[in-house]
Amino acid sequence: MTSVKSVGVIGAGQMGSGIAHVFAQAGYDVVLHDISDEQIANAMSSIEKNLTRQAVKGVIDQGADSAALTRIKTTNLLDGIGQCDLVIEAASESQAIKKEIFAALKGVLKTGAILASNTSSISITGLAAATEHPDHFIGIHFMNPAPVMKLVEVIRGIATSKETFETTKDVIASLGKIMAVSEDFPAFIVNRVLMPMINEAIYTLYEGVGSVEGIDTGMKLGANHPMGPLELADFIGLDICLAIMQVLYEGLADSKYRPCPLLVKYVEAGWLGRKTGRGFYDYSGDIPVPTR
C-alpha cells in the first residue's frame, strides 16, 4: 500500500474544509474537491482565516499559516483527486449521496489509494460495498471543528484490510490527533452516547420540563459541560442530529432512539441551527436568543 503524502477531501463544507486545514497544517499536499465553485471559495476563505488566527494566537509558528495554505489545491472535478494517496469523503450525512460519490470514483483513484468516509454514523461496511476496493476503505471520523478537536474515530468495515488500518493509524498519529477505534455499529462511540443525550434534552424542552435556557444552563453548570445540549445541537446542525438519530433508531430498532418530534419539526422548518441563523436559538443579533 502507498505511503500517504497527498490527501484528497471530497466536500468543502464545514467538515471538509476543517479536514483540509488539518492535513495541510501537518505538511500533507491537499486537494479539496467540491462541485460548487462558490463553496470552494468560501472554504478557502475560512481556512485562511482560521490559519491566520492560529498564527496570531501562537498555536502555530509565524509563516506556517501561509505555508499550509499553499499546500491546498482545489478542484470541481473528481479526476482532480485521482492521484491522491488518501481520499476522505466529507459530503452530506446521507448514505445515498455517499454511495453515489463512491460509484463515481470507480476507475478514478490510483492503485493502492485508501478511500475513507468522515461519516459520523453510517455503516462503514455498507459504504465499502459501493466502492471498487472495500479492503482499502475505512471510516475516519473527525470531530467538529477538526482543527481544534483532538479525537478522531477510526472504524473498520468487515472487509477493511490490516494494511489499510495500520496506514490510517500512522496518518492520524502524524496529525497529532488521538485515535479511538470503534466497531462498525450505528453512530460509533461518540455519537452513540452524545446524540441520545441531545435528543433527550429536546424531549425535555418538548414536554415542557424546562426552557431552552434552563436546560442549557443546567447542563453547563450542573454537569460542567462546556456547551449546553441545545446550544451544541445548533452548532452541529439539527439536520445532522436528526440524521444520526434516524440511523440509530433504524439500525438498532430500539424505541429509546426515536427522534423527538420537536427536532423533526425544526428540521422541517429549515431551522437547522447556526448555519441557517436559527435553531433552538436565534442568531440574528449580537447575542443568541432562545426561540422557545
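Residues numbered from 1 in each chain as written. Predicted model: local features only at pLDDT ≥ 70, side-chain atom pairs only at ≥ 80, totals over all residues. Heavy atoms only, no water.

In the annotation of an unreviewed UniProt entry, the entry for the protein reads 3-hydroxybutyryl-CoA dehydrogenase, and the organism field reads Hyphococcus lacteus.

## A look at the environment of D85
Assignment of secondary structure puts D85 in the loop between β3 (72-75) and β4 (86-89). We classify D85 as buried; its relative accessible area is 5%. Through-space distance from the C-alpha of D85 to that of E183 is 24 Å; in sequence the pair is 98 residues apart. Among the polar contacts listed, one links the side chain of D85 to the backbone nitrogen of K5, at a separation of 2.8 Å. (Helix = DSSP H or I, 4+ residues; strand = E, 2+ residues; numbered from the N terminus. Buried < 20%, exposed > 50% of the residue type's maximum accessible area, 1.4 Å probe, protein only. Polar contact = N/O pair within 3.5 Å; in protein donor to acceptor, adjacent residues only side chain to side chain.)

## Some words on the pairing of strand β2 (residues 29-33)
Counted residue by residue, β2 has four buried out of five residues, so it is predominantly covered. Bridge analysis of strand β1 (residues 6-10) against β2 gives five bridges, and the strand direction is parallel. If you follow G8 over to β2, its bridge partner there is V31. Pairing between β2 and β3: four bridges, direction parallel. For V30, the partnering residue across the bridge sits in β3 and is I72. (Pairing = 2+ DSSP bridges.)

## Things to note about the packing of aromatic side chains
Working definition: an aromatic ring pair is given by the centre-to-centre distance plus the angle between the planes. What the rule picks out here adds up to seven aromatic pairs. Pairing F23 with F142 gives two aromatic rings, centres 6.0 Å apart and planes at 70°, and the pair type is edge-to-face. Of this pair, F23 sits in helix α1 (residues 14-25) while F142 is found in strand β6 (residues 137-142), placing the two residues 119 residues apart along the sequence. Ring centres of Y266 and W271 lie 5.4 Å apart, and the angle between their planes is 90°; on these two criteria the pair is classed as edge-to-face. For Y266, a relative accessible area of 4% puts it in the buried group. In this structure an aromatic cluster arises from ring pairing among F23, Y28 and F142. The aromatic ring of F165 is capped on one face by R156, whose charged end is 4.0 Å from the ring centroid. (Phe/Tyr/Trp six-rings, centres within 6.5 Å; stacked < 30°, edge-to-face > 60°. Lys NZ or Arg CZ within 6 Å of the ring centre and 35° of its normal.)

## What about the layout of surface pockets?
As a volume, the largest pocket reaches approximately 1,400 Å³. Looking at the largest pocket, it is lined by 49 residues, and the ones nearest its centre are Q14, M15, N144, I236 and I240. Of all the secondary structure elements, the ones that give two or more residues to the lining of the largest pocket are α1, α4 (95-104), β6, α7 (190-206), α9 (229-236) and α10 (238-252). A per-class count over the lining of the largest pocket returns 26 nonpolar, 15 polar and eight charged. Its boundaries defined by the atoms lining it, the second largest pocket holds a volume of some 420 Å³. (1 Å grid on protein atoms, 1.4 Å probe; cavity = no way out; pocket = protein on both sides within 12 Å on 5 of 7 lines; lining within 4 Å. Points joined across faces, edges and corners; volume = space filled by probe spheres on them. Nonpolar A, V, L, I, M, F, W, Y, C, P; charged D, E, K, R; others polar.)

## Details of the UniProt feature "domain: 3-hydroxyacyl-CoA dehydrogenase NAD binding" (unreviewed entry) in the protein
In the numbering used here, UniProt assigns the "domain: 3-hydroxyacyl-CoA dehydrogenase NAD binding" (unreviewed entry) feature to residues 7-182. A helix fraction of 39% and a strand fraction of 21% characterise residues 7-182, whose end C-alpha atoms lie 23 Å from each other. (UniProt positions renumbered as here; feature names shortened; annotations may be inferred.)

## Points about the side chain of K98
Here K98 shows up in helix α4. Residue class for K98 comes out buried when judged on its relative accessible area of 1%. A polar contact of 3.3 Å, which involves the side chain of K98, links it to the backbone oxygen of A91. Excluding its chain neighbours within four sequence positions, the residues that come into contact with K98 are E89, A91, S92, E93, S117, T119, I122 and L127. (Contact = heavy atoms within 4.5 Å.)

## Section: the nonpolar core
If you look at the biggest cluster of nonpolar residues, it comprises 37 residues, and the most contacted ones within it are F23, L32, L86 and F142. Not counting residues within four places of it along the chain, the set of residues in contact with L32 comprises V9, G11, A12, G16, A20, A43, M44, I47, I72, K73, T74 and T75. The next biggest cluster of nonpolar side chains, apart from the first, holds 28 residues, and it includes L230, L242, M245 and Y283. (Core = buried A, V, L, I, M, F, W, Y, C linked by side-chain atoms within 4.5 Å.)

## What to know about the environment of E100
Within the secondary structure, E100 sits in helix α4. Relative accessible area serves as the criterion here: at 61%, E100 is assigned to the exposed category. For the pair formed by E100 and N191, sequence separation is 91 residues and the distance between their alpha carbons is 24 Å.

## A closer look at unusual backbone geometry
Backbone geometry follows two general trends: most residues other than glycine have a negative phi, and most peptide bonds adopt the trans configuration. Here N144 and P145 are connected by a cis peptide whose omega angle stands at 0°. With respect to the secondary-structure elements, P145 resides in the loop between β6 and β7 (151-155). The backbone phi angle of F188 is positive, close to 60°, even though this residue is not glycine. As for its placement among the helices and strands, F188 is situated in the loop between β8 (178-182) and α7. Phi angles above zero are rare outside glycine, and N224 is one such case at about 60°. Within the secondary structure, N224 sits in the loop between α8 (212-222) and α9.

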